[in-house]
Amino acid sequence: MGQSAAFFDLDKTVIAKSSALAFGRPFYRDGLISRRDVVKSAYAQLMFRLGGTDEQTMARIRDYLATLCKGWKVEQVRQIVAETLEELINPYVYAEAAVLIGEHQAAGRDVVLVSASGDEMVRPIGELLGVTDVIATRMGIVDGRYSGEVEFYAAGPSKVAGVRELAAERGYDLAECYAYSDSSSDLPLLEAVGRPSVVNPDRALRRVAQERSWPVLEFRHPVPLGRRLRDRPAVPVAAAALGVGVGVAIGIALYGRHRRLRAALA
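What counts, and at which threshold
- All residue numbers here refer to positions counted from 1 along the written sequence of the relevant chain.
- Per-residue local features are limited, in this predicted model, to residues with pLDDT of at least 70; the limit for side-chain atom pairs, both in listing and counting, is 80 or more; totals at the level of whole chains, interfaces and linings are taken over all residues.
- Only hydrogens and water are set aside when side-chain values are computed; all heavy atoms of the structure are taken into account.
- Side-chain rings of Phe, Tyr and Trp, where Trp is taken by its six-membered ring, are said to pair if the distance between their centres is within 6.5 Å; with planes under 30 degrees apart they count as stacked, over 60 as edge-to-face, and otherwise as tilted.
- Helix numbers and strand numbers start at the N terminus; a helix is a DSSP run of H or I with at least 4 residues, a strand a run of E with at least 2.
- When a residue's accessible area, from a 1.4 Å probe over protein chains only, is under 20% of the maximum for its type it is buried; when over 50% it is exposed; and in between it is partly exposed.
- Whether a charge sits over a ring comes down to the Lys NZ or Arg CZ being within 6 Å of the ring centre and within 35 degrees of the ring normal.
- Residues grouped as a nonpolar core are buried Ala, Val, Leu, Ile, Met, Phe, Trp, Tyr and Cys residues, joined through side-chain atoms within 4.5 Å.
- Contact between two residues is taken to exist if any of their heavy atoms lie within 4.5 Å; hydrogens are not considered.
- Strand pairing requires that DSSP identify at least two bridges connecting the strands.
- Note on geometry: axes are lines fitted to C-alpha atoms, helical ones only across the stretch in contact, with angles between N-to-C directions running from 0 to 180 degrees.
- The hand of a helix crossing depends on one turn: near helix anticlockwise from the far one by less than a right angle means left-handed, and clockwise means right-handed.
- Any pair of nitrogen or oxygen atoms within 3.5 Å is treated as a polar contact; in protein, a donor-acceptor pairing is required on top of that, and neighbouring residues in sequence qualify only through side-chain atoms on both sides.
- Any Lys or Arg side-chain nitrogen found within 4 Å of a carboxyl oxygen on Asp or Glu counts as a salt bridge.
- Each helix should span, by expectation, one fewer than its residue count multiplied by 1.5 Å.

Peer 1: What is the right way to read the packing of aromatic side chains from this model?
Peer 2: Remark: the centre distance and the inter-plane angle together describe each pair of aromatic rings, the angle taken between the planes. Under the defined criterion, the tally for this structure stands at 4 aromatic pairs. Ring centres of Phe7 and Tyr172 lie 6.3 Å apart, and the angle between their planes is 75°; this geometry places the pair in the edge-to-face category. Here the residue Phe7 occupies a position in strand β1 (residues 5-9), and Tyr172 occupies one in the loop between α8 (157-170) and β5 (178-181), the gap between them amounting to 165 residues. Each of the two residues, Phe7 as well as Tyr172, counts as buried. Sitting over the ring of Tyr92, Lys17 keeps its end group 3.9 Å from the ring centre.

Written out as structure tokens, the structure is:
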């Protein structure tokens, strides 16, 4: 167990899409949600991203999600996620994020995914990345079905509460910890650690990062897991100096492989 940790937001930071919305199609296909629910869920996600740390916005989204999921069989949700993870999530993991996660792990730090999406979605995504620690939204469960109550909503200040609880449990010095996010709604999370970085930031978060001289990282290369393992850059990636250079390095590696394949086939 490391003495410090790196906390990663999930959507648009580690993966190039919304993890919750990614599973909308199979949920609709299996009869868990209607077309109207798909639209409302997309709208709720948009409001969350635009609403920043507005507590009323987050409370409305939390209550809507609780109502939407009430009565769903937990095992059915887990099965849908397991069956569609390879198709819906694997191709959209940022190569730069996967490299950075590996660098933190190699340095002896624990890596923790922190996401407002449900634990049943976030934990399998973590396993895909070799990450076992997750702070995610937890729904109440009664007799194998969601009860319509939210036990823990991992958004805004609540994310920080989960991070502080884990830090106290494991003895992390948050001043020595890292955090990564793309959204201004995660400003409390970034402020809670000594080494924050913003990834593909929204306009409001980019402005804060510039004012506070936080590193601004640009992740642009979603690549499937198997390809990431084959084309992992040979030069280690330093978290403090990642920036656009990582994307360039990965692009060069992939381009070099492409040229070698073309030469072999010529």
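Peer 1: Honestly, the nonpolar core in this entry has me stumped. Any pointers?
Peer 2: The nonpolar side chains of a soluble globular protein tend to be buried with one another. Core analysis: the largest hydrophobic core is formed by 44 residues, its most contacted members being Phe8, Val14, Phe27, Trp72, Ile89 and Leu113. Elements supplying a minimum of two residues to this core: β1, α4 (55-69), α5 (74-88), α6 (95-106), β2 (110-118), α7 (119-129), β3 (133-142) and β5. The greatest single-element share of this core, amounting to 6 residues, is contributed by α5. Every residue in contact with Val14, bar those within four places of it in the chain, is listed here: Phe8, Asp9, Tyr92, Val93, Tyr94, Ala97, Ile101, Leu113 and Leu129. By size, the runner-up hydrophobic cluster in this structure holds 25 residues, among which are Val112, Leu166, Cys177 and Trp214.

Peer 1: What am I meant to see in the sheet that holds strand β6 (residues 195-199) here?
Peer 2: The pairing of strands in a sheet happens through backbone hydrogen bonds and is either parallel or antiparallel. Strand order across the open sheet formed by 7 strands is β4-β3-β2-β1-β5-β6-β7, with mixed pairing between neighbours. On the outer flanks of this sheet lie β4 (145-152) and β7 (216-217), each paired with one strand and no other. The pairing of β3 with β4 spans 4 bridges and is classified as antiparallel. Directly across from Val142, in β4, lies its bridge partner Arg145. Against the sheet, α7 touches β2, β3 and β4, its axis set at about 150° to β2.

Peer 1: What exactly am I supposed to notice about the environment of Leu68 here?
Peer 2: Its location among the elements puts Leu68 in helix α4. Each C-alpha atom of the pair Leu68 and Gly148 lies 7.9 Å from the other, and the pair is 80 residues apart in sequence.

Peer 1: What is the right way to look at unusual backbone geometry in this model?
Peer 2: Note: most residues except glycine have negative phi, and most peptide bonds are trans. Despite not being glycine, Asn200 shows a phi value in the positive range, around 45°. Mapping Asn200 onto the fold places it in the loop between β6 and α10 (203-212). Here Ser213, not a glycine, exhibits a phi torsion of approximately 60°, which is positive. Looking at the secondary structure, you find Ser213 in the loop between α10 and β7.

Peer 1: What is the right way to read the packing of α5 against α7 from this model?
Peer 2: How two helices sit against one another is set out by the angle between their axes and by the gap between those axes. Two numbers describe how α5 lies on α7: the axes approach to 10 Å, and their chain directions differ by 35°. Crossing handedness for the pair α5 and α7: right-handed. In contact with Val74, Val77, Arg78, Val81 and Leu85 of α5, α7 contributes Glu120, Met121, Pro124, Ile125 and Leu128.

Peer 1: Got a minute to help me understand the side chain of Asn200 in this structure?
Peer 2: You can call Asn200 buried: its relative accessible area is 14%. Here Tyr94 takes part through its side chain, which lies 3.4 Å from a polar atom of the side chain of Asn200. If we skip the residues at most four places from it in the chain, Asn200 touches Lys12, Tyr94, Asp182, Leu217, Glu218, Phe219 and Arg220.

Peer 1: How do you make sense of the pattern of salt bridges when you look at a structure like this?
Peer 2: Pairing of side chains with opposite charge becomes possible as their charged atoms draw close. As enumerated under the stated definition, the model contains 11 salt bridges in all. Across the salt bridge formed by Asp9 and Lys159, the nearest N and O atoms sit 3.1 Å from each other. Taken together, the residues span a long stretch of sequence, with Asp9 in strand β1 and Lys159 in helix α8 at a distance of 150 residues. No difference in accessibility class separates Asp9 from Lys159, as the two residues are buried. Salt-bridge contacts for Arg25 lead to Glu87; the nearest nitrogen and oxygen are separated by 2.7 Å. On the criterion of sequence distance, the pair formed by Arg25 in helix α2 (residues 24-29) and Glu87 in helix α5 is long-range, its members being 62 residues apart. Residue classification places Arg25 among the exposed residues on the basis of a relative accessible area of 54%. Through salt bridges with shared partners, a single network forms among Asp9, Lys159 and Asp186.

Peer 1: Help me understand α6 in this model?
Peer 2: One turn of the α-helix equals 3.6 residues, which is why residues spaced by three or four share an orientation. For α6, built from 12 residues, the straight-helix expectation of 16 Å at 1.5 Å per residue is met to within 8% by its first-to-last C-alpha distance of 16 Å. Burial analysis of α6 places 10 of its 12 residues in the buried class, which makes it a mostly covered element. Directly beyond the C-terminal end of α6, a positive phi value near 90° is found at Gly108.

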